[in-house]
Amino acid sequence: MTNPPTPARLVVLISGAGSTMSAVLDAQQDASYGARVVAVISDRADAAGLVAAAEWGVPTSVVALADFPDREAWDRALADEVARHEPDLVLLAGFMRLIGAPSLARFGGRIVNTHPALLPSYPGAHGVRDALVGGAKVTGCTVMLVDEGVDTGPIIAQAAVEVWDDDTESTLHERIKNVERGLVTVTVGRMAREGWTVEGRRVTVGTATLKDTKGDA
């Protein structure tokens, strides 16, 4: 079982506004939350979340792909920058690039990501659109550990969101994101406080498998 110290050191990777990051930063104001964001790293210098993180007093940095000769060099640089902050957990909060082998080798089993669908259904970049096209009546969001694949890692937690008849991709995605922020925040906090075990495809947090967490639908 992985049992991080309390508070667990959390590094957050973002590419955009950082709304999930902000939710975690807000939650950590409660000393009992169990995790503390020690750094926010973006692959984009113009990510609005960097400004938000700085306003919270969190150190930020940018590791942009364009600044490196190739993807392999960027992968190594990203892993080095994450490692510099000695994380117990790494959270991908709207980070729009795949995590490469260097980061997986150093932090495997400790990298948490989210997806706007109930995996293993509708993986990939268009999970919300694919659920609508597929005629799903219920979709949702998934929190998982990152592995070498795309949205294929062991599932930690899920929450369901009903698909309404008049939903568009935008309206459905917005409701999923509202639920997702709460699910991620609760999940990361529990992992930090209670530890977790991975056995094959099954992730257990503390002494019981993490139950679904409902957010605002």
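Residues numbered from 1 in each chain as written. Predicted model: local features only at pLDDT ≥ 70, side-chain atom pairs only at ≥ 80, totals over all residues. Heavy atoms only, no water.

### Quick word on the packing of helix H1 (residues 19–27) against helix H6 (residues 169–194)
So, point 1. Their axes nearest at 9 Å, the elements H1 and H6 cross at an angle of 45°. In this view, H1 runs oblique relative to H6, as classed from their interaxial angle. Both H1 and H6 take part in a crossing whose hand is right-handed. Note on element contacts: H6 touches H1 through Arg181, Val184 and Thr185, opposite Ser19, Thr20, Ala23, Val24 and Ala27.
So, point 2. Classifying every residue of the contact of H1 with H6 by side-chain character gives 4 nonpolar, 3 polar and 1 charged. (Axes fitted to C-alpha atoms, helices over the stretch in contact; angles between N-to-C directions. Helix = DSSP H or I, 4+ residues; strand = E, 2+ residues; numbered from the N terminus. Parallel < 35°, antiparallel > 145°, perpendicular 65-115°, else oblique. Left-handed = near helix turned anticlockwise from the far one by under 90°. Contact = heavy atoms within 4.5 Å. Nonpolar A, V, L, I, M, F, W, Y, C, P; charged D, E, K, R; others polar.)

### Some words on unusual backbone geometry
It is generally the case that most residues other than glycine have a negative phi and that most peptide bonds are trans.
So, point 1. Backbone torsion omega between Thr6 and Pro7 reads -5°, so that peptide bond is classified as cis.
So, point 2. Secondary-structure assignment places Pro7 in the segment before strand E1 (8–14).
So, point 3. Residue Pro120 follows Leu119 across a cis peptide bond; omega there is 10°.
So, point 4. Along the chain, Pro120 falls in the loop between strand E5 (111–115) and helix H5 (127–133).

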